[in-house]
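Inside the fold
If you want the building blocks of each chain, they are given just below.
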Amino acid sequence: MKADAARALKRLLWLAILLCLFVLVCPRRVGAGLQAGLPAAPAPGVQNAEKPSPEVEALNQAIRSAEGNPQTLIRKLEEFLDRFPKSPLREQVLRTIFQQALATNAPTQAIAAGERLLQFTPDDPGLLSATVDLLARQTDAQSQEQALPYATRLVEWAEKQRAQPPPSGVAAEKWTETQALTCARAYFTRGKIYAHAGKSTSALADFEKSYEAYPSSQVAERLGDVLAQIGETDRAMEYYAKAFVFPEKEVDPARQEQLRRKLGSLYLAQHHSEAGLGDLILKHYDEMTKTLAPRMKSQADPNANLHDPFDFVLERLDGSAMKMADYRGKIVVVEFWATWCGPCRLEGKLLERARQGFRRDPRAVFLAVNVDEDRSMVPPFLKEEGWTIPVAYAQGMDRFLRVHALPTLLIFDSTSRVVFRQEGLDFSTFVETVEKKVREALAPASPTTLSGTR
């Protein structure tokens, strides 16, 4: 009986925590639903009615008293955890605090919640990565030192993943490349922390492992920086040259100019003129082009030169093709998002809610299109968040549609025209706005619309 009661309490509290997210969006609409989700006081004259526990009542009060304010909600939930430190749902409460702190740009609170969450799931890659990033962005030495063990844990997790065989349905080549990229990013993350702390030897070792696992221009530049600092000028120039000529889809002119200055400065100091510098650059260009040819071919934009978003072919998480052409004639809601985008987490949950009203209408389609460069973080993110909306990788559609901010939401009508676009997240109106715009797009065209306005 005690076990059944504990399970019932856990389900009840989980419902409350999920609902508390929506308090931020539309407190007037959520109030009734939240009260319905928690035990109510016994009605007069009702015998043997079960009274809500003090813990449920406290959680209910914490949510109500926040009145839609994210910072107040965080504080109230922290007070709830202080009062009920052994709550069976403290992990979910902490996760809510963490997400709200990310969304409201409150790094101190996010770090505190992230560290406490890691006591429950010490090898959660998304949580490790987010916590390390938050700590690494702080300028004080203590935060950098604090980030180091988490970064090491991330490296260890990445190495374990790399040693695993590919899951069923995932091509071995794709799995190998994805895990190599995961390892490279983990070592790069820890290397930056070492470099910031002035531990050049450790930083150099991590950057070398990162470059060996999955070469990139950014890592090559970092290697050049560390090598230049410790006086290994020749090797520094080699890596600066690699970074300068690295084949990339999009080149930042300002960064290229910076690399050119770094390389030119070292070369001039070493040779007293720039004679021969062009030969060095061409040598590395030829080497990089040959070495990275297979990778560049596999990453070639499959949708290059297309002029209609409904001609695009996206890629599902399992590697299969998602043809946008299959959705011609439908109302298509597309959310562009990334795992590192705090507001995207909340918008995903809100989009799930907006979608509920159209589940039985085959004319409306909802898609979550991911733009992460490091795709290894996407499956664990989705598992953690529990999204049910179909997810696919952008395959260049974000660039085609000029998506420059995240999250960005687009709605296409049945003629494949964009009829609504929203950049960023407006908590207070998101669900209502999406529902309204989809209904408008689904509504039959009026005679005036068909014949043209007179």
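Values in this document were obtained by computation on a predicted structure and should not be read as measured data.

What follows concerns the nonpolar core. One finds Phe80, Ile97, Phe98, Phe207, Tyr211, Leu223 and Leu263 to be the most contacted residues of the largest nonpolar core, which totals 72 residues. Of all the elements, helix H9 (residues 172–196) adds the most residues to this core, at nine residues. Ignoring anything within four residues of it in the chain, the contact list for Leu223 reads Leu204, Phe207, Glu208, Tyr211 and Tyr239. In this structure, Ile331, Cys341, Ala368 and Ile389 belong to the second largest nonpolar core, which totals 31 residues.

Summarising the model, the protein shows a mean pLDDT of 82, and 83% of its residues fall at 70 or more. In this model residues 1–44 is a low-confidence stretch, pLDDT under 50, and it forms 71 contacts with partners more than four residues away in sequence or in other chains. This model gives residues 446–454 a pLDDT under 50, and the stretch forms two contacts once residues within four places in sequence are excluded.

This next bit is on the state of the cysteines. Within the structure shown, the criterion is met by one disulfide. In this model, Cys341 is linked to Cys344 through a disulfide, with the two sulfur atoms separated by 2.4 Å. Between Cys341 and Cys344, the S-S torsion sits near 85 degrees, and that sign places the bridge as right-handed. Comparing Cys341 with Cys344, the two get one shared label, buried.

Next up on the list: the packing of aromatic side chains. All told, the structure shown has nine aromatic pairs when counted by the stated rule. Arranged with centres 5.2 Å apart and planes meeting at 90 degrees, the rings of Phe310 and Phe412 form a pair that is edge-to-face. Here Phe310, found in the loop between helix H15 (293–298) and strand E1 (313–316), pairs with Phe412, found in strand E6 (residues 408–412); they are 102 residues apart in sequence, far enough to count as distant. With respect to class, Phe310 is no different from Phe412; both count as buried. Between Phe381 and Trp387, the ring centres sit 5.4 Å apart and the planes meet at 90 degrees, which makes this aromatic pair edge-to-face. There is no split in this pair, since Phe381 and Trp387 are both buried. In this structure an aromatic cluster arises from ring pairing among Trp337, Phe381 and Trp387. The side chain of Arg375 reaches across the aromatic face of Tyr393, ending 4.0 Å from its centre.

Rules and cut-offs
Residues numbered from 1 in each chain as written. Predicted model: local features only at pLDDT ≥ 70, side-chain atom pairs only at ≥ 80, totals over all residues. Heavy atoms only, no water. Core = buried A, V, L, I, M, F, W, Y, C linked by side-chain atoms within 4.5 Å. Buried < 20%, exposed > 50% of the residue type's maximum accessible area, 1.4 Å probe, protein only. Helix = DSSP H or I, 4+ residues; strand = E, 2+ residues; numbered from the N terminus. Contact = heavy atoms within 4.5 Å. pLDDT = per-residue confidence, 0-100. Disulfide = S-S within 2.5 Å. Phe/Tyr/Trp six-rings, centres within 6.5 Å; stacked < 30°, edge-to-face > 60°. Lys NZ or Arg CZ within 6 Å of the ring centre and 35° of its normal.

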